[in-house]
Amino acid sequence: MIRSRIIGTGSYLPQHILSNAELAARVDTSDEWIIERTGIRQRHIAAKGEFTSDLGTAAARAALANAGIDASAIDLIIVATATPDQTFPACATVIQHKLGMLHGVAFDVAAVCSGFLYALSVADAMLTSGAHRTALVIGAETFSRLLDWEDRATCVLFGDGAGAVVLRADAGEAGILATRLHSDGRYNDLLYVDGGPGSTGTTGKLRMKGKEVFRHAVTNLANVMTETLAAANLTAGDVDWVVPHQANLRILEATARKLNLPIERVVVTVDRHANTSAASVPLALDCAVADGRIKANDLLLLEAMGGGFTWGAAAVRW
Ligand code: UT7
């Protein structure tokens, strides 16, 4: 059976780290509140002139090096991002150019925080159909540029970063076993940006009704995780590592509880990275691969939920 196997992971975080204490000097918040309500201790912020495509290219290069292949072996690039350098062209074509590639197909997907799961699912379909052989799937974001830095309810939650995987169509047991995606546009106004090229002609700023998003997140994530495991004929007891979107430590804990999974089996990076939207799942994956936690044959369950709402999960045999 042909499956899409992850043969390399990589990530990139901007150099500048912004602490909770520094934020508390700017808005009415505190290190204690942010840690207690979210688990976040710090976030990385892109430098002036450092764009989403730069973060994505650095993560892609790291993933290619980890896979031991050259960019010339890639024939598909999908970038999940809500913060492209420009409205168009797609960030994926900018990254394609920065990698020196003169061939292949490159495009972006827009599903905000679930973007990496959407991109992974699309790449999986394109690889297993036989249309492509080796893909770069990248989540890259500079959410710091979408934030209202005077709104304490949102500006403390997000950070910048990028993660990438190299996927290859391969015969064998390892690889993506099942993916499931969902969207529900009734909830557009709970998490959105109040501008855009087709409406205000401006980029706009992120707005969120956090409490309501939280409630939907726990229910939707638990459901899609169970649904994805069932699609692969597995149960929560088979899962070695949950690699979740990192929005809030309390969401990770509540979701794990719903599935009867110990929190020790959940990869947590929200404390160091905050919410990096589409980058958070591949960033967490790369961390747990690099530090040796994820081993051959482990069963991983990737999941995310974000604006739209959109949500999804993927079961992956390592
Ligand atoms: O990635 C996409 C998915 N996004 C998410 O999943 C985010 C989901 N939501 C959350 O993570 C949480 O709802 C938040 C972290 C955003 C907020 O936590 P909460 O426990 O739901 O707090 P809240 O919004 O109910 O606010 C509680 C209090 C309020 O004060 P009052 O009304 O009780 O006086 C807020 O004004 O905390 C206040 N507050 C803050 N206080 C200090 C809100 N933000 C802050 C802040 N510092 N940064």
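For the structure itself, look to the data block above.
Here, residues in each chain are numbered from 1, in the same order as that chain's written sequence. Only residues with pLDDT of at least 70 get local features here, since the model is predicted, and only at 80 or more are side-chain atom pairs given and counted; chain-wide, interface and lining totals rely on the full set of residues. Side-chain metrics in this entry use all non-hydrogen atoms of the structure; hydrogen atoms and water are not considered.

1. What about empty space enclosed by the protein?
Piece 1. Points on a 1 Å grid, built from protein atoms alone, make a cavity when a 1.4 Å probe fits but cannot get out and make a pocket when they are open with protein on both sides within 12 Å along at least 5 of 7 lines; residues with an atom within 4 Å of a point are the lining residues. Grid points are joined across faces, edges and corners, and a volume is the space filled by probe spheres set on the points. In this structure the tally under the stated criterion is 1 cavity of 30 Å³ or more.
Piece 2. Estimates place the volume of the largest cavity at around 40 Å³.
Piece 3. Along its surface, the largest cavity is lined by Met225, Val242, Pro244, Leu252, Thr255, Ala256, Leu261, Val266 and Glu303.
Piece 4. Among the secondary structure elements, those contributing two or more residues to the lining of the largest cavity are β11 (241-244) and α8 (249-258).
Piece 5. If one sorts the elements of the lining of the largest cavity by residue count, α8 sits on top with 3 residues. Helix numbering and strand numbering both begin at the N terminus, where a helix is a DSSP run of H or I of at least 4 residues and a strand a DSSP run of E of at least 2.

2. Here's the deal with unusual backbone geometry
Piece 1. A cis amide bond links Phe88 with the next residue in sequence, Pro89, at an omega value of 5°.
Piece 2. For the bond running from Gly308 to Phe309, omega is -5°, close enough to zero to count as cis.
Piece 3. Locating Phe309 in the fold gives a position in the loop between β12 (299-306) and β13 (310-317).
Piece 4. A positive phi angle is found at Val112, which is not glycine, with a value near 50°.
Piece 5. By the secondary structure assignment, Val112 is in the loop between β5 (105-109) and α5 (115-128).
Piece 6. If you check the backbone angles, Asn233 has positive phi at about 60° while not being a glycine.
Piece 7. The residue Asn233 is located in the loop between α7 (210-231) and β11 in this model.

3. Some thoughts on the nonpolar core
Side chains of nonpolar character tend, in soluble globular proteins, to be buried together.
Piece 1. With 46 residues, the main nonpolar core has Leu229, Val239, Leu259 and Leu261 as its most contacted residues.
Piece 2. The element that contributes the greatest number of residues to this core is α7, accounting for 8 residues.
Piece 3. Looking at this core, you find at least three residues from each of domain 1 (2-172) and domain 2 (176-317).
Piece 4. Whether two residues are in contact is decided by their heavy atoms, any of which lying within 4.5 Å being enough. Aside from chain neighbours lying at most four places away, what touches Leu261 is Ala236, Val239, Val242 and Ala256.
Piece 5. To form a nonpolar core, buried Ala, Val, Leu, Ile, Met, Phe, Trp, Tyr and Cys residues must be joined to one another through side-chain atoms within 4.5 Å. Residue burial is assigned from relative accessible area. The probe radius is 1.4 Å, only protein chains are included, and a residue is buried under 20% of its type maximum, exposed over 50%, and partly exposed in between. Core analysis: the next-biggest nonpolar cluster, separate from the first, contains 34 residues, Ala80, Val109, Val165 and Leu285 among them. Domain delimitation in this document rests on an assignment produced automatically or drawn from a domain database.

4. Details of the site of the ligand
Piece 1. Every one of the 23 residues lining the ligand counts as a neighbour, but Thr29, Arg37, His245, Asn248 and Asn275 are closest to it.
Piece 2. Any pair of N or O atoms that falls within 3.5 Å is considered a polar contact. Within protein, one atom must be able to donate a hydrogen and the other to accept it, and sequence-neighbouring residues count only if both atoms are side-chain atoms. Thr29 places a side-chain nitrogen or oxygen 2.7 Å from a nitrogen atom of the ligand.
Piece 3. Here His245 contributes a side-chain N or O atom positioned 2.9 Å from an oxygen atom of the ligand.
Piece 4. Areas reported as accessible are Shrake-Rupley estimates using a 1.4 Å probe. Residue values count occlusion only from the protein chains shown. Here the ligand has 960 Å² of accessible area as a free molecule, and 73% of this is covered by the chains.
Piece 5. Those elements giving two or more residues to the shell around the ligand turn out to be α2 (31-38), α6 (152-155), α7 and α8.
Piece 6. For the shell around the ligand, the class distribution of residues is 12 nonpolar, 6 polar and 5 charged.
Piece 7. A domain split of the shell around the ligand shows at least three residues from each of domain 1 (2-172) and domain 2 (176-317). Definition of nearness: a residue and a molecule or strand are near each other if at least one heavy atom of the residue lies within 4 Å of the molecule or strand. Side-chain classes are defined by residue name, with Ala, Val, Leu, Ile, Met, Phe, Trp, Tyr, Cys and Pro counting as nonpolar, Asp, Glu, Lys and Arg as charged, and the others, Gly among them, as polar.

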